[in-house]
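Residues per chain are reported as follows:
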Amino acid sequence: RKPSAEEFKRQHMDPDSPPNSRPTYCNRMMRRQGMTKGSCKRVNTFVHESWATVKAICSQRQMTCKTTRRNNCHKSSSTLHITECRLKGSSKYPNCDYTTTDSQKHIIIACDGNPYVPVHFDASE
Ligand code: 5GP
């Protein structure tokens, strides 16, 4: 399936909730946003910023994507509020059990299309 901005929003955008380290956040959000169907997605980041802020990263510093090696990744010039969800080693599908970690980091995303918009989350640092 071709990555799209709609897919990026579903998997990575949570602009309306503040960064939130309640331990149940990831278990609830990973399920609600469809990332625990068929298997438990292992690592996923939610961004607590507006779509305008995230879209603007597509015109910030360009770099090679870690996962695809394509040259359409961009690193945010500022740090953003994010929550990283990571599957616990003890988790067994269909009970996808995640750790929830808040932070403020630069994010690296891939952008594509016309208009040129976020389509893939590459990394945070
Ligand atoms: P690990 O720390 O398990 O070796 O690797 C996790 C990697 O996944 C890190 O490079 C991290 O930046 C990246 N990562 C974090 N959130 C996401 C996400 O939502 N999607 C993808 N594809 N990678 C992510």
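Everything quoted here is computed from the prediction, not taken from an experiment.

Draft legend 1. Focus on the pattern of salt bridges. Tallied over the entire structure, the rule returns seven salt bridges. The partner of Lys9 in a salt bridge is Glu6, and the shortest N-O contact between them spans 3.8 Å. Of this pair, Lys9 and Glu6 are both found in helix α1 (residues 5-12), three residues apart, which corresponds to roughly one turn of the helix. Accessibility expressed as a relative area gives 31% for Lys9, which makes it partly exposed. Owing to a relative accessible area of 56%, Glu6 belongs among the exposed residues under this scheme.

Draft legend 2. Spotlight on the state of the cysteines. Within this structure, the stated rule accounts for four disulfides. The disulfide pattern of the protein is 1-6, 2-7, 3-8, 4-5 when the bonded cysteines are numbered in sequence order.

Draft legend 3. Representation of the side chain of His12 within the structure. You can see His12 is positioned in helix α1. Polar contacts involving the side chain of His12 include one to the main-chain carbonyl oxygen of Thr45, which spans 2.8 Å. The residues contacting His12, other than those within four sequence positions of it, are Lys41, Asn44, Thr45, Phe46, Val47 and Phe121.

Draft legend 4. Seen up close, the packing of aromatic side chains. Overall, the coordinates contain two aromatic pairs when judged by the stated rule. Residues Tyr25 and Phe46 carry aromatic rings whose centres are separated by 5.8 Å and whose planes lie at 90 degrees to one another, so their mutual orientation is edge-to-face. Taken together, the residues Tyr25 in helix α2 (residues 25-32) and Phe46 in strand β1 (residues 43-47) connect sequence positions 21 residues apart. As far as burial versus exposure is concerned, Tyr25 and Phe46 are alike and both buried. Directly above the aromatic system of Trp51 lies the positively charged group of Lys9, at a separation of 4.6 Å from the ring centroid.

Draft legend 5. Summary view of the nonpolar core. Within the largest apolar cluster, 15 residues are counted, with the highest numbers of intra-cluster contacts made by Phe8, Val47, Val54, Ile107 and Ile109. When residues of this core are traced back to their parent elements, those giving at least two are α1, α3 (51-55), β4 (80-87), β6 (107-112) and β7 (117-124). With three residues, β6 is the single largest residue contributor to this core. Leave out the neighbours within four places in its chain, and Val54 touches Phe8, Met13, Val47, Glu49, Ile109 and Pro118. Residues Met29, Met30, Cys40 and Tyr98 belong to the second largest nonpolar core, which totals 10 residues.

Rules of the game
- Residues numbered from 1 in each chain as written.
- Predicted model: local features only at pLDDT ≥ 70, side-chain atom pairs only at ≥ 80, totals over all residues.
- Heavy atoms only, no water.
- Salt bridge = Lys/Arg side-chain N within 4 Å of Asp/Glu carboxyl O.
- Helix = DSSP H or I, 4+ residues; strand = E, 2+ residues; numbered from the N terminus.
- Buried < 20%, exposed > 50% of the residue type's maximum accessible area, 1.4 Å probe, protein only.
- Disulfide = S-S within 2.5 Å.
- Polar contact = N/O pair within 3.5 Å; in protein donor to acceptor, adjacent residues only side chain to side chain.
- Contact = heavy atoms within 4.5 Å.
- Phe/Tyr/Trp six-rings, centres within 6.5 Å; stacked < 30°, edge-to-face > 60°.
- Lys NZ or Arg CZ within 6 Å of the ring centre and 35° of its normal.
- Core = buried A, V, L, I, M, F, W, Y, C linked by side-chain atoms within 4.5 Å.

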